[in-house]
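Understanding the architecture of this molecule
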Amino acid sequence: MVAVGRLKPGPEAALFAQHNARLRPPLAVREIAEARGAPSEVRRREGAALLAALPPAALAIALDLGGHTPDSEGLATLLERWEASGKPLAFLIGGAEGLDPAVLARAEHRLSLGPMTWPHFLVRGLLAEQLYRAQAIRAGHPYHRAWRP
């Protein structure tokens, strides 16, 4: 995972740590400093830093409000397909101004956690939980209860 911002101790960090500890393997996180300035300049600078931190052979998945919004079973299927590519997965999380068009152009996939806007620090925990849920679905573990709406 490559994410904008330094996650400080607090509820967002605890949520991420709780679910990341369950993942096999856990997500490695590279944090990119938040930029300052006009929104377009912030997106451009943060986007350049995200792309520079992205491993060259990685399959890039941008967390973007306009991305695909699968249900949990659908995400499990997507992860299986992405992992079958043999490339390391890299989830890209932008800052408060969102992702630069260059980042979206580089991403092979765009994933949304739903139509609501989430704080970028909270997205890390939400993503880790959904990745753990997808692993549980694929393993037949009872963590995910498909019968629940």
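Every chain's residues receive numbers from 1 upward, in the order its sequence appears when written. With the structure being a predicted model, the display of local features is reserved for residues of pLDDT at least 70 and the display and counting of side-chain atom pairs for 80 or more, all residues being used for whole-chain, interface and lining totals. As a convention, hydrogens and water are excluded, and side-chain values are obtained from all of the structure's heavy atoms.

Time to look at the pairing of strand β4 (residues 89-93). Remark: exposure states derive from per-residue accessible area (1.4 Å probe, protein chains only) relative to the maximum for the residue type, with buried under 20%, exposed over 50%, and partly exposed in between. Put simply, DSSP marks the helices as runs of H or I at least four residues long and the strands as runs of E at least two long, and each gets a number from the N terminus on. Burial analysis of β4 places four of its five residues in the buried class, the great majority of the element. Only strands that DSSP links by at least two bridges are regarded as paired with each other. Two elements, strand β1 (residues 2-4) and β4, share two bridges in a ladder whose sense is parallel. When the bridges of β4 are listed, V2 appears paired with L92. Relative to β4, strand β3 (residues 59-68) runs parallel, the two being bridged by four bridges. Residue pairing in the sheet places I61 in a bridge with F91 of β4. Here a crossover is taken to be right-handed if, once the strands point away from the viewer, the path from the first strand over the helix to the second is traced clockwise. For the crossover from β3 across helix α3 (residues 72-84) to β4, the handedness is right-handed.

Let's shift gears to the packing of aromatic side chains. The way to describe two aromatic rings as a pair is by their centre distance and the angle between their planes. Stacked, edge-to-face and tilted labels apply to pairs of Phe, Tyr and Trp rings (six-membered ring for Trp) whose centres lie within 6.5 Å, assigned for plane angles under 30 degrees, over 60, and everything in between, in that order. With the rule as written, the count across this model stands at one aromatic pair. Placement of a positive charge over a ring is assigned whenever Lys NZ or Arg CZ falls within 6 Å of the ring centre and within 35 degrees of the normal to the ring plane. The lysine or arginine in question, R22, covers the ring of Y132, its NZ or CZ lying 5.4 Å from the ring centre.

Turning our attention to the sheet that holds β3. Ordered by their spatial adjacency, five strands build an open sheet running β2-β1-β4-β3-β5, and the pairing between neighbours is parallel. Two strands bound the open sheet, and with one partner strand each, they are β2 (30-32) and β5 (109-111). The mean angle between the axes of side-by-side strands here comes to 30 degrees, regardless of whether they run parallel or antiparallel. Where β1 lies against β2, three bridges are found, and the strand directions are parallel. Bridging from a neighbouring strand, V2 pairs with R30 of β2. For helices, the fitted axis covers only the stretch in contact; all axes are lines through C-alpha atoms, and the angles between them, taken along N-to-C directions, range from 0 to 180 degrees.

So, on to the packing of helix α1 (residues 11-20) against helix α5 (residues 120-139). Relative to each other, α1 and α5 sit at 20 degrees, their axes nearing to 8 Å. Judged by the inter-axis angle, α1 sits roughly parallel to α5. Between α1 and α5 lies a crossing whose hand is left-handed. Residue-level contacts link E12, L15, F16, H19 and N20 of α1 to F121, L122, R124, G125, L126, A128, E129 and Y132 of α5. Considering only residue class, the contact of α1 with α5 consists of seven nonpolar, three polar and three charged. Each angle gets one of four labels, with under 35 degrees taken as roughly parallel, over 145 as roughly antiparallel, 65 to 115 as roughly perpendicular, and the rest as oblique. Here is the rule for handedness: rotate from the far helix to the near one, and if that takes an anticlockwise turn smaller than a right angle the crossing is left-handed, while a clockwise turn gives right-handed. Contacts between residues were defined by any pair of non-hydrogen atoms, one from each residue, lying within 4.5 Å. Basically, the charged four are Asp, Glu, Lys and Arg, the nonpolar ten are Ala, Val, Leu, Ile, Met, Phe, Trp, Tyr, Cys and Pro, and anything else, Gly included, counts as polar.

What counts as a salt bridge is simple: a side-chain nitrogen of Lys or Arg found within 4 Å of a carboxyl oxygen of Asp or Glu. Following the criterion strictly, the structure yields seven salt bridges and no others. Among the salt bridges present, the one from E41 reaches R44, with a minimum N-O distance of 2.5 Å. Linking E41 with R44, this pair stays in helix α2 (residues 39-53), spanning three residues, or about one helical turn. E41 sits in the partly exposed class, given a relative accessible area of 28%. What makes R44 partly exposed here is its relative accessible area of 42%. What emerges from the salt-bridge pattern is a single network uniting E41, R44 and R45.

Turning next to the pairing of β3. For β3, the tally of buried residues reaches seven of ten residues, placing the bulk of the element in the interior. Pairing geometry for β3 and β5, over four bridges, is parallel. When the sheet's bridge partners are listed, I61 is paired in β5 with H109.

On to the nonpolar core, then. Within the largest apolar cluster, 22 residues are counted, with the highest numbers of intra-cluster contacts made by L27, W82, F91 and L127. The set of elements that each furnish at least two residues to this core consists of β3, α3, β4 and α5. Per element, the largest residue contribution to this core is six residues, and it comes from α5. Once residues lying within four places of it in the same chain are set aside, the contact partners of L127 are M1, L63, F91, I93, L111 and L113. Nonpolar cores are built from buried Ala, Val, Leu, Ile, Met, Phe, Trp, Tyr and Cys residues. Side-chain atoms within 4.5 Å join them into one set.

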